[in-house]
Amino acid sequence: MRDDEDFRVFAHEHARTLRRSAYPFCGDWHTAEDLVQTTLVKIYRSWSRVGKRDTVHNYARTVLLRTWLDEKRKPWRRREPVGSEVPDTADPNIDVAEGIGHSWDRDLVHKALLTLAPRQRAVLVLRYFDELSIAETARVMRCTEGTVKSQAARGLTSLRAVVARLTEGELEHA
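Residues numbered from 1 in each chain as written. Predicted model: local features only at pLDDT ≥ 70, side-chain atom pairs only at ≥ 80, totals over all residues. Heavy atoms only, no water.

## Structural notes on the environment of Ser133
Counted only if it meets this: Here a helix means four or more residues in a row that DSSP labels H or I, a strand means two or more in a row labelled E, and each is numbered from the N terminus.
Structurally, Ser133 can be placed in the loop between helix H6 (118–129) and helix H7 (134–141). Along the primary structure Ser133 and Glu145 are separated by 12 residues, whereas in three dimensions their C-alpha atoms are 9.7 Å apart.

And the structure:
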C-alpha cells in the first residue's frame, strides 16, 4: 500500500506541471487535462518499477509526450474545430491594460506553435517552456541531441515566420 500512497503524492505534486506542459502540445485545456489523466494512468500501471527512480518526473514527461503523439494519430483527433472560449467574469483585482499585451503575445506564440510539426512543437515546448537541456530533451524524446538541435532550429525558424505572418494579419485587421 506504500506504493499507492507514493503515487498519490507524486500525482498531487506533478499534475499541475504536467497539465501546463500538455497545453502547448495540444492547444486546449480540456485535452491537456485528458492527456494528463491518461499519462497518470499509464504511470500508475508501472509505478512499482518506476516509482523508485530519481528521474520519475522525466519519465512522466516522456509518457506525456508519447501519449500526445498517440492521440494525434487517432482519427477522431484530426483537426477538430475549436470553438470560442466561454467568457469569464472580470476580476476587479487585475489590471486589464497590463494583461492585454501579455495575453496578446502569449496567444500569438501559442497560435504559431500549433502550426508547427509535432516533433518541432515538442522540442520547443520541452526546451523553452519546460526549460529542459538539450540532453534532457533528447532523453524525453528518445532521439539524439543532434536531432533536438536541428528540430529546435527548424522549429524556431518556422515559428518566427508564422508569428510574422500572424502579426501582419493582425495589423491589417486593425
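## Re the packing of helix H4 (residues 56–73) against H6
Just so we agree on the cut-off: For helices, the axis comes from a line fit to the C-alpha atoms of the stretch in contact; other axes are also lines fit to C-alpha atoms, and the angle between any two N-to-C directions lies between 0 and 180 degrees. In these notes the angle categories are as follows: under 35 degrees is roughly parallel, over 145 is roughly antiparallel, 65 to 115 is roughly perpendicular, and the rest is oblique. A clockwise turn of the near helix away from the far one marks a right-handed crossing, whereas an anticlockwise turn of less than a right angle marks a left-handed crossing. Residues count as neighbours in contact if any of their non-hydrogen atoms are within 4.5 Å of one another. Any residue outside Ala, Val, Leu, Ile, Met, Phe, Trp, Tyr, Cys, Pro, Asp, Glu, Lys and Arg is labelled polar, Gly included; the first ten of those are nonpolar and the last four are charged.
Packing of H4 against H6 leaves a shortest axis separation of 12 Å and a crossing angle of 155°. With respect to H6, the element H4 is oriented roughly antiparallel. Crossing angle aside, the handedness with which H4 passes H6 is right-handed. Only Pro118, Arg121, Ala122 and Leu126 of H6 make contact with H4, whose side of the interface consists of Arg61, Leu65, Trp68, Leu69 and Lys72. For the contact of H4 with H6, the residue count by class is 6 nonpolar, no polar and 3 charged.

## Here's the deal with the nonpolar core
Rules: To qualify as a nonpolar core, a set must consist of buried Ala, Val, Leu, Ile, Met, Phe, Trp, Tyr and Cys residues joined through side-chain atoms within 4.5 Å. Using a 1.4 Å probe on the protein chains alone, a residue whose accessible area is under 20% of its type maximum counts as buried, one over 50% counts as exposed, and one in between counts as partly exposed.
Phe10, Phe25, Leu65 and Trp68 are the most contacted members of the largest nonpolar core, which has 39 residues in total. Counting only elements with at least two residues in this core, the list comes to helix H1 (2–26), helix H2 (29–45), helix H3 (47–50), H4, helix H5 (96–114), H6, H7 and helix H8 (145–173). Take this core: its biggest share by element is 8 residues, from H1. The contact partners of Trp68, leaving out residues within four places of it in the chain, are Phe25, Cys26, Leu35, Pro118, Arg121 and Ala122.

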